[in-house]
Amino acid sequence: MEGWSRMLKIWICGAGGRVGRKMTGILASRPVELLLTDADSVDITDSEAVMEYAHINRPHYIVNCAGLTDAAACEDCPEEAYRVNALGARNLSVAARMGKSRLVQMSTDDVFDGRSLVPYTEFDPVSPRTVYGKSKMAGENFVREFCNRHIIVRSSWIFGDGSPYLERILEMAGQGKTIRAASDQMASPTGADGLAAKVIELMEHGEDGLYHVTGQGCCSRYELAKEAVRLAGYQVPVEPVNASEDILSSMRPSYSVLDNMMLRISNMRLLPHWKVMLEVYMKERRAGSRRRAEGKDGIGYGK
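Not measured: the values here are computed from a predicted model.

Trainee: Any chance you could explain the environment of His205 here in plain terms?
Mentor: Position of His205 among the secondary structure elements: in helix α7 (residues 192-205). Classification of His205 as partly exposed rests on a relative accessible area of 40%.

Right, here's the structure in full:
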């Protein structure tokens, strides 16, 4: 598919989230008009509100970065999980079809059951075991059913500004607490920066379809936590435990490494190794902390 050759309108739902903010930052220097919304401005679970906004603004692309991603919260409130992750995707898909927009749906490795011994490709059957995974799978299915022009992007263990897992790990490390992280959960950590850039590349040059987009390599939660603590310069113990003892990630699949096969066979460049992206993020995090301490940080869009 050829690159953009005209001014386009791009509607990013969930623009205040990690990937939404990064996409906004990248696209701000591009010849596009950005439509940025969150739940407080356009509730994607409200079909009338979605249709009205799409009708008034006529976006060429709709990017769905919105979602209820807390796996424990999804188990506690399954109907809310399906409202946001499934019906929200349905509403945006219908709006995209009616307005002849192209939809980008962000999804997750949690659509797999975690029982594989080899990385999952885009051609492997899904079989989620959690409410979060099931609701995201339902969202994918609605996109395929209602929107003929779409890109679905699955990723895993996304880290960036506001990353709940890493930030909690680093907060505990900063307090001198021992970190206990699951050694029996495996996936491919992915930097929000790289993921956002690859999504934009797919929008501009990729064909419709399903893509896995993750950092290269894989690791356990324990290895990720240990590397983050090391890069942060903290001298605290990081202990491997079973997932059932890791209160920060106990609901996740035990093995959800994603093979980026579609990127490879489409001759598209893969993201860097997860350690490379993590090191870049940690450097940016330290620089951001210094700017805030000096009172030089500006106010950006999003929560």
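Trainee: Sorry if this is basic, but what is going on with the packing of aromatic side chains here?
Mentor: Each aromatic ring pair is described using two quantities: the centre-to-centre distance and the angle formed by the ring planes. Under the counting rule described, the total for this entry stands at 4 aromatic pairs. Where Trp11 meets Tyr53, the ring centres are 4.6 Å apart and the plane angle is 45°; that geometry is what we call tilted. Of this pair, Trp11 sits in strand β1 (residues 8-13) while Tyr53 sits in helix α2 (residues 47-57), placing them 42 residues apart in sequence. Here Trp11 and Tyr53 have matching classes, each one buried. Sitting over the face of the ring of Tyr165, Arg221 holds its NZ or CZ atom 4.5 Å from the ring centroid.

Trainee: Quick question: what am I supposed to make of the pairing of strand β4 (residues 102-108) here?
Mentor: Two faces belong to every sheet, and in a regular strand the side chains alternate between them. The element β4 is largely enclosed, with a buried count of 7 among its 7 residues. Of the pairings in the sheet, the one linking strand β3 (residues 61-64) to β4 comprises 4 bridges and is parallel in character. Across the sheet, residue Tyr61 finds its bridge partner in β4, namely Arg102. By the bridge criterion, 6 bridges tie β4 to strand β5 (residues 150-155) in an arrangement that is parallel. Within β5, the position partnered with Gln105 by the bridge is Ile152. Each parallel crossover has a hand, and the one from β4 via helix α5 (residues 131-146) to β5 is right-handed.

Trainee: Whenever I open this one, a negative patch on the surface confuses me. Can you help?
Mentor: Taken together, the side chains of Asp43, Asp46, Glu48 and Glu52 make up a negatively charged region of the molecular surface. Residue placement: Asp43 occurs in the loop between β2 (32-37) and α2. Classification of Asp43 by relative accessible area gives partly exposed; the value is 33%.

Quick notes on the rules
- Residues numbered from 1 in each chain as written.
- Predicted model: local features only at pLDDT ≥ 70, side-chain atom pairs only at ≥ 80, totals over all residues.
- Heavy atoms only, no water.
- Helix = DSSP H or I, 4+ residues; strand = E, 2+ residues; numbered from the N terminus.
- Buried < 20%, exposed > 50% of the residue type's maximum accessible area, 1.4 Å probe, protein only.
- Phe/Tyr/Trp six-rings, centres within 6.5 Å; stacked < 30°, edge-to-face > 60°.
- Lys NZ or Arg CZ within 6 Å of the ring centre and 35° of its normal.
- Pairing = 2+ DSSP bridges.
- Right-handed = clockwise from strand over helix to strand, strands pointing away.
- Patch = residues over 30% accessible without salt bridge, like charges linked within 9 Å, V, L, I, M, F, W, Y side chains within 5 Å.
- Areas by Shrake-Rupley, 256 points an atom, 1.4 Å probe, with all protein chains shown as cover.
- Salt bridge = Lys/Arg side-chain N within 4 Å of Asp/Glu carboxyl O.
- Lys, Arg positive; Asp, Glu negative; His and termini not counted.
- Charge placed at Lys NZ, Arg CZ, Asp CG, Glu CD.

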